[in-house]
Amino acid sequence: NIDAVRNALDKTFGKFPIIKTYGSTAALEITTDYKINEGGSATDTVVRNTLFEGLRPFLPANLTKEEFATTQYVEGTKKVDPTISDDLKSGAQWATLWSLLIIAVYIFIRFRDWRYSMGTIIALLHDVLVTLAVFSFFKNIVPFPLEIDQHFIAAVLTVIGFSMNDTVIVFDRVREYSRNMKGASKGTIINKAINDTLSRTIMTSLTVFLTILILFLVGGEVTKGFAFAMLIGVVTGTYSSIFVAAPILMDFAKNKALGDADLLPHEQKKSGSSSKG
């Protein structure tokens, strides 16, 4: 029973380890960062003895520590150095920053207006930070492990793409209405754009949410952290497209029309000639 083993080891290690079935349900792969910053064979022995104490309820009553260390019970051990972990974190940070930068450039090229890029990037940063905050807050509350690992980074990058898609759809409608609704206030234009895309946004997000929820409920232990981060990200991504990106665009619009960046070439000539006259 993986849950029983995890709860028992939580008491000895002080936090939930990552436990996966190894080959079959008769073998487990247990990963812990207990005393990870301490080196030497003595530390390895302490970790193994602590593991033995946590697993004692699941082992034969007369088993000794020396017998537990044999390959009959421990098939092998490996240690990931903290510097490798630092490299993974650094790579994850750069991956997130580069994705945000490339998205900002894409939005600028698409809308030819830095205000749209600003609204998108702030909304995406909101999604990443909220997902990270909720993930960290629930780390020691939920009965399954939540680790900032490759699965979490994959979830964050997926959330960024999902949220950007929603934001671009809203911004496309804003740009369209800014040309068609001449004389309307910016607030009226943005509200109409949000209202007209709201049903699509909610239905798409709900579909994705239910799919990820099924993965979270019936998926394996490895996918729980990924699915949990995705569930948070889908909610925040939907929220930010409506209540963060659009208001940021409104705040930075000031006296400049929302659709000026999308004028056609002959419209730009007209605009330029009339301004000269």
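These lines cover the structure that appears in this document, whether it is placed above or below. Computed from a prediction, not measured in an experiment: that's the story for all the values here.

Thoughts on the overall build of the protein chain
Right, so step 1: In terms of regular secondary structure, the protein chain is built from 9 helices and 2 strands.
Right, so step 2: Tracing the protein chain from N to C terminus, the helices and strands come up as α-β-β-α-α-α-α-α-α-α-α.
Right, so step 3: Within the protein chain, the fraction of its 277 residues that count as buried is 36%.
Right, so step 4: Contacts spanning at least 24 positions in sequence make up 64% of the contacts within the protein chain whose residues lie at least 6 apart.
Right, so step 5: In the form shown here, the protein chain has an accessible surface area of approximately 15800 Å², with 62% of it arising from carbon and sulfur atoms.

Observations regarding helix α1 (residues 2-13)
Right, so step 1: When the terminal C-alpha atoms of α1 are compared, their 16 Å separation across 12 residues agrees well with the 16 Å that a helix rising 1.5 Å per residue should span.
Right, so step 2: Taken together, the buried positions of α1 are Val5, Arg6, Ala8, Leu9 and Phe13. Along the long axis of α1, the arc covered by the buried residues comes to 165°, so they all point the same way.
Right, so step 3: Two residues or fewer after α1 comes Gly14, characterised by a positive phi angle close to 90°.

Structural notes on a nonpolar patch on the surface
Right, so step 1: Judged by side-chain polarity, Trp94, Leu97, Trp98, Leu101, Ile102, Val105, Phe108, Ile109 and Trp114 come together as a nonpolar surface patch covering roughly 1000 Å² of accessible area.
Right, so step 2: Tallying contributions element by element places helix α4 (residues 82-111) first for the nonpolar patch, with 8 residues.
Right, so step 3: Examined against the element boundaries, Leu101 turns out to sit in helix α4.

Comments concerning the nonpolar core
In summary, soluble globular proteins display a tendency toward joint burial of nonpolar side chains.
Right, so step 1: Formed by 48 residues in total, the largest nonpolar core has its most connected members in Ile107, Tyr116, Ile160, Val174 and Phe228.
Right, so step 2: When contributions to this core are tallied by element, the ones reaching two or more residues are α4, α5 (114-137), α6 (150-180), α7 (186-218) and α8 (221-253).
Right, so step 3: In contact with Ile107, not counting residues within four places along its chain, are Arg112, Tyr116, Ser117, Thr120, Met164 and Val168.

Digging into the environment of Glu66
Right, so step 1: Within the secondary structure, Glu66 is located in helix α3 (residues 65-68).
Right, so step 2: On the accessibility criterion, Glu66 (60% relative accessible area) is exposed.
Right, so step 3: Taking C-alpha positions, Glu66 is 9.3 Å from Asn49, a pair spaced 17 residues apart along the chain.

Some remarks on the side chain of Ser117
Right, so step 1: One can find Ser117 in helix α5.
Right, so step 2: With residues up to four places along the chain from it excluded, the contact list for Ser117 reads Ala104, Ile107 and Phe108.

Notes on the packing of aromatic side chains
Right, so step 1: Across all of its chains, the model carries 7 aromatic pairs by this definition.
Right, so step 2: With a centroid separation of 4.5 Å and 45° between ring planes, the pair formed by Phe135 and Phe152 is classed as tilted. Of this pair, Phe135 sits in helix α5 while Phe152 is found in helix α6, placing the two residues 17 residues apart along the sequence.
Right, so step 3: Ring geometry for Phe135 and Phe228: centres 6.1 Å apart, planes at 45°, overall tilted. Here Phe228 lies in helix α8 and Phe135 lies in helix α5, a separation of 93 residues in the sequence. Both residues of the pair, Phe135 and Phe228, belong to the buried class.
Right, so step 4: Cluster of aromatic residues (ring-pair linked, three or more members): Phe135, Phe137, Phe138, Phe152, Phe216 and Phe228.
Right, so step 5: In this arrangement the basic side chain of Lys192 is found over the ring face of Tyr177, its NZ or CZ atom lying 5.2 Å from the centre.
Right, so step 6: A cation over an aromatic ring shows up here: Lys224 above the ring of Phe216, its NZ or CZ 4.8 Å from the ring centre.

Some details on helix α2 (residues 41-55)
Right, so step 1: For α2, with 15 residues, the first-to-last C-alpha span of 21 Å sits near the 21 Å given by 1.5 Å per residue.
Right, so step 2: Turning to α2, its buried residues are Thr43, Val47, Thr50, Leu51, Phe52, Gly54 and Leu55.

Digging into the pattern of salt bridges
Right, so step 1: A complete count under the given rule lists 6 salt bridges for this structure.
Right, so step 2: The partner of Glu53 in a salt bridge is Arg56, with the nearest N and O atoms 3.2 Å apart.
Right, so step 3: Using a relative accessible area of 39% as the deciding quantity, one classes Arg56 as partly exposed.
Right, so step 4: Between Arg110 and Asp172 there is a salt bridge, with the nearest N and O atoms lying 2.5 Å from each other. Of this pair, Arg110 sits in helix α4 while Asp172 sits in helix α6, and the two are 62 residues apart along the sequence.
Right, so step 5: Accessibility expressed as a relative area gives 31% for Arg110, which makes it partly exposed.
Right, so step 6: Asp172 gets classed as partly exposed once you look at its relative accessible area, which sits at 22%.

Conventions used here
Residues numbered from 1 in each chain as written. Predicted model: local features only at pLDDT ≥ 70, side-chain atom pairs only at ≥ 80, totals over all residues. Heavy atoms only, no water. Helix = DSSP H or I, 4+ residues; strand = E, 2+ residues; numbered from the N terminus. Buried < 20%, exposed > 50% of the residue type's maximum accessible area, 1.4 Å probe, protein only. Contact = heavy atoms within 4.5 Å. Areas by Shrake-Rupley, 256 points an atom, 1.4 Å probe, with all protein chains shown as cover. Expected span 1.5 Å × (residues − 1). Arc of directions from axis to C-beta. Patch = residues over 30% accessible without salt bridge, like charges linked within 9 Å, V, L, I, M, F, W, Y side chains within 5 Å. Salt bridge = Lys/Arg side-chain N within 4 Å of Asp/Glu carboxyl O. Core = buried A, V, L, I, M, F, W, Y, C linked by side-chain atoms within 4.5 Å. Phe/Tyr/Trp six-rings, centres within 6.5 Å; stacked < 30°, edge-to-face > 60°. Lys NZ or Arg CZ within 6 Å of the ring centre and 35° of its normal.

Functional significance is not addressed by these values, which are geometric in nature.
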